[in-house]
Amino acid sequence: MRDQLDGRRLPGPRPDASRWFGCRRGRDERGAVALFSVFILGVLMGVAALVVDLGMERVTRADLQALADVVALDLAREIHDDRTQADLSAEGDWSSSSSAVRESAARNPDVFGENLRIEVDWGSYDEGVWDTATDPPSAVWVTVSADTDYAVASGSGDVTRSAYAVASSSACYRLGSFTAAIRSDDSTVLKPLNHLLGVNLDLASYRALADAKVTLGDLASASRIGSPEKLLTGTVTYADLILDMVDVLSNAPGSNAAAIDALKAIHAVAGPIGSIALGDVLHVAPTDRAALDIALNVLDIVGAARLATGEHFLKVENIQAGVPGVGYQFTGGIALVSAAQLACGKPNSPESVARNAQLNGTLGIAFVNLPSLNVPGVGTLQTDKGTGSLAVNLADGYGQLVAPPAVHCGDGTAANPHTYSVRVQTQPASYSLGSELQVNGDVQVGNLQDLGLAELLKALFGDLKRNDKLTVDVKVRLDVTTTDPGGADTVNLQMPPNDETPVETGSAVYLDPRNVVPTVTEVTIGGKTISLIDAKPLTDTIVNELTTAGNAFVSKTLVPLIDNINNMLIGPVARMVGLRFGGADVYAAGAVCAKPELWG
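What counts, and where the lines are drawn
Residues numbered from 1 in each chain as written. Predicted model: local features only at pLDDT ≥ 70, side-chain atom pairs only at ≥ 80, totals over all residues. Heavy atoms only, no water. Disulfide = S-S within 2.5 Å. Helix = DSSP H or I, 4+ residues; strand = E, 2+ residues; numbered from the N terminus. Buried < 20%, exposed > 50% of the residue type's maximum accessible area, 1.4 Å probe, protein only. 1 Å grid on protein atoms, 1.4 Å probe; cavity = no way out; pocket = protein on both sides within 12 Å on 5 of 7 lines; lining within 4 Å. Points joined across faces, edges and corners; volume = space filled by probe spheres on them. Nonpolar A, V, L, I, M, F, W, Y, C, P; charged D, E, K, R; others polar. Contact = heavy atoms within 4.5 Å. Polar contact = N/O pair within 3.5 Å; in protein donor to acceptor, adjacent residues only side chain to side chain. Salt bridge = Lys/Arg side-chain N within 4 Å of Asp/Glu carboxyl O. Pairing = 2+ DSSP bridges. Axes fitted to C-alpha atoms, helices over the stretch in contact; angles between N-to-C directions. Core = buried A, V, L, I, M, F, W, Y, C linked by side-chain atoms within 4.5 Å.

(A) Main features of the state of the cysteines. Scanning the model with the defined rule gives 1 disulfide in all. The residue that forms a disulfide with Cys172 is Cys344, at a sulfur-sulfur distance of 1.9 Å. The disulfide joining Cys172 to Cys344 has a torsion of about 115° about its S-S bond and is therefore right-handed. Of this pair, Cys172 sits in strand β6 (residues 156-175) while Cys344 sits in strand β14 (residues 341-345), and the two are 172 residues apart along the sequence.

Following this line, the structure appears as structure tokens:
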């Protein structure tokens, strides 16, 4: 039975709470809890205010940084055509509602903060160092400030952010090009071009390569290359370069099927070529983002890259065809050392230097089975020995972008083309064919006396009968030579039309067969050496027979041989790479002005 009374516990001892809590309160502490709660609440409210106000500042900083970046990029676009700091000062004037800085800020109004201010400084920014004295400037420094009104705390805070932007301008040009001869349907370049690339493509396939374009930036980002640094300062295999161009063209708009087929044919024979340093023929800094965006035709890249491996010896075509007296064996060779070099950069910079094509070497030629000479007043002489030497030195030189005038970026029309200048410097050049002939035979003394050599013969041999015979041996050299002393020309390019039609410096590579210069080098009569002056009456008749008579060596052998050299060997190769005598074909490849980049 429970001990209850009126629902209440019966009197007895109270439970001891100290047994549950381990202690006993000596007095009532409920007021301390209230005070502690008030204190904590105050701290929390302060922290909350601080968080709110700091958050507002953080939002302001983010907004101001975004605005500084955008304004810096906008103002960097104003740096072009060699504008000076004085020219640009109005664009950075925050107090002017029509200034570029005001207009840029107005286009980007969503900024958290009050009392917006923007300061602009023009100069240069190189490797983290700002130079405000640079004039004309190449960079802009933008500082943006605003006040943040605190939401909880009283007052406001000042927030400042800044940005540097560099105006990257770049122009590109070529010394020579593989495309000009192809676009003019010059079929004579097919043989040397096919020999260079190891293929057998027709003119239509090469035209497709000449019309297809890629940017170096697209190539640099392709899977096998991967970066501008590897493309322009490292090495890549020729085969990988070809495959990456196939990939880029496959993803490009328009129909590039013919160019892709041609590249695949080149790739099929590209394996043995191995690695190449493309930077040896494409002079572009990997940090030149403007140049990486300029479109280049595929044929120039393919041809220039093939020659990046070093010398390429020309195949000697059938230059003896239809030429009597020329043998089938040749010694030595002519080598194409480089070709179609491209350079991009700022005027007067090391990056903007490109070398022109070089064609060097000596080709030995043998003359055989030459006909006898019927020399009037002398008799029949034999031309039993002859050698020739084709010597080519075309041409060591270089180009460089120069200013003034400044690079001007137009809109790509004939009315407003891109314009810039290239200084072309060439060294002395020569192109010659020398032929050495030996003419000999037995000549009656009477014939020699009738030529005015009686006193000479008597002094050498005493009294001789007119019917006596003496052996005559005459060595003659026949030279056809074109030379150029070298020099410098400043080429003013416009694009258009100089992206397809070059500015030509120097002259066409051509050996003129009309300019044959004969030189008698040695004369013997009866085994005794005769001075060239004393022998002149005899040698003049022999030289005349070699050079001007109807069946002369010059007209029957030398002239057709020179024509074949011009039309089948040296001429097509020179046209293939845009090489000129004492100069080069200079092409505009593109220009980008005031391309803005954030650098800090």
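(B) Highlighting unusual backbone geometry. With an omega of 0°, the peptide bond between Ala403 and Pro404 qualifies as cis. Checked against the element boundaries, Pro404 lands in the loop between β19 (397-402) and β20 (418-426). Phi is positive for Asp185, which is not a glycine, with a value near 60°. Asp185 gets classed as partly exposed once you look at its relative accessible area, which sits at 47%.

(C) Looking closely at empty space enclosed by the protein. Applying the stated rule across the entire model yields 2 cavities of 30 Å³ or more. When its volume is computed, the largest cavity comes out at roughly 80 Å³. Lining the largest cavity, in full, are Lys191, Pro192, His195, Leu196, His312, Leu314, Lys315, Glu317, Met568, Leu569, Val573 and Met576. Broken down by secondary-structure element, the contributors of at least two residues to the lining of the largest cavity are α6 (190-197) and α16 (553-577). Class assignment of the residues belonging to the lining of the largest cavity gives a composition of 7 nonpolar, 2 polar and 3 charged. Empty space within the second largest cavity amounts to approximately 70 Å³. Lining the second largest cavity are 10 residues; nearest its centre among them are Leu370, Pro371, Leu373, Ala552 and Phe553. The dominant element in the lining of the second largest cavity, judged by the number of residues it contributes, is α16, at 3 residues. A per-class count over the lining of the second largest cavity returns 6 nonpolar, 3 polar and 1 charged.

(D) Spatial organisation of the side chain of His418. Here His418 shows up in strand β20. For His418, the contacting residues outside a window of four places in its chain are His408, Cys409, Gly410, Gly412, Leu493, Gln494, Met495 and Ala591.

(E) Molecular detail of the environment of Asp384. Position of Asp384 relative to the elements: it lies in strand β18 (residues 379-394). Here Asp384 falls in the exposed class, since its relative accessible area comes to 53%. With 54 residues separating them along the chain, Asp384 and Gln438 place their C-alpha atoms 6.6 Å apart. Dropping the residues within four chain positions of it, Asp384 is found in contact with Gln438 and Asn440.

(F) Examining the layout of surface pockets more closely. Here the largest pocket is characterised by a volume of approximately 940 Å³. What lines the largest pocket is a set of 35 residues, and nearest its centre among them are Ser138, Ala167, Ser168, Ser169 and Lys346. Going through the elements one at a time, β3 (114-126), β6, β14 and β28 (583-598) are the ones with two or more residues in the lining of the largest pocket. Sort the elements by how many residues they give to the lining of the largest pocket and β6 lands first, with 6 residues. Its residues placed into classes, the lining of the largest pocket shows 15 nonpolar, 11 polar and 9 charged.

(G) Spatial organisation of helix α13 (residues 298-306). Taken across its 9 residues, α13 has 9 buried, putting it largely inside the fold. Taking the backbone nitrogen of Leu299 as reference, a side-chain oxygen 3.4 Å away marks Asn297 as the first, capping residue of α13.

(H) Structural detail: the pattern of salt bridges. One pass over the structure, following the stated rule, counts 19 salt bridges. Asp300 is the partner of Arg174 in a salt bridge, and the nearest nitrogen-oxygen pair spans 3.1 Å. Here Arg174 is found in strand β6, whereas its partner Asp300 is found in helix α13, with 126 residues between them in sequence. For the pair formed by Arg174 and Asp300, the shared burial category is buried. A salt bridge links Arg224 to Asp244; the shortest N-O distance between them is 2.9 Å.

(I) Here's a closer look at the sheet that holds β19. The strand order across the open sheet built from 4 strands is β15-β19-β20-β23, with neighbouring strands paired in antiparallel fashion. Of all strands in the sheet, those bounded by a partner on one side alone are β15 (353-355) and β23 (487-495). On average, each strand axis in the sheet is tilted by 25° relative to the strand beside it, whichever way the strands run. In this structure, β20 lies alongside β23, joined through 9 bridges in antiparallel fashion.

(J) Seen up close, the nonpolar core. Within the largest apolar cluster, 124 residues are counted, with the highest numbers of intra-cluster contacts made by Tyr206, Tyr238, Leu241, Leu359, Leu390, Ile525 and Ile570. In terms of residue count, α16 provides more of this core than any other element does, 12 residues in total. Beyond its immediate sequence surroundings of up to four residues, Ile570 is in contact with Leu314, Ile334, Leu359, Leu390, Val392, Tyr431, Val509 and Ile565. Counting 24 residues, the second largest nonpolar core, distinct from the first, contains Ala72, Leu75, Ala76 and Trp122.

Take it as geometry only, folks, not as evidence of what the structure does.
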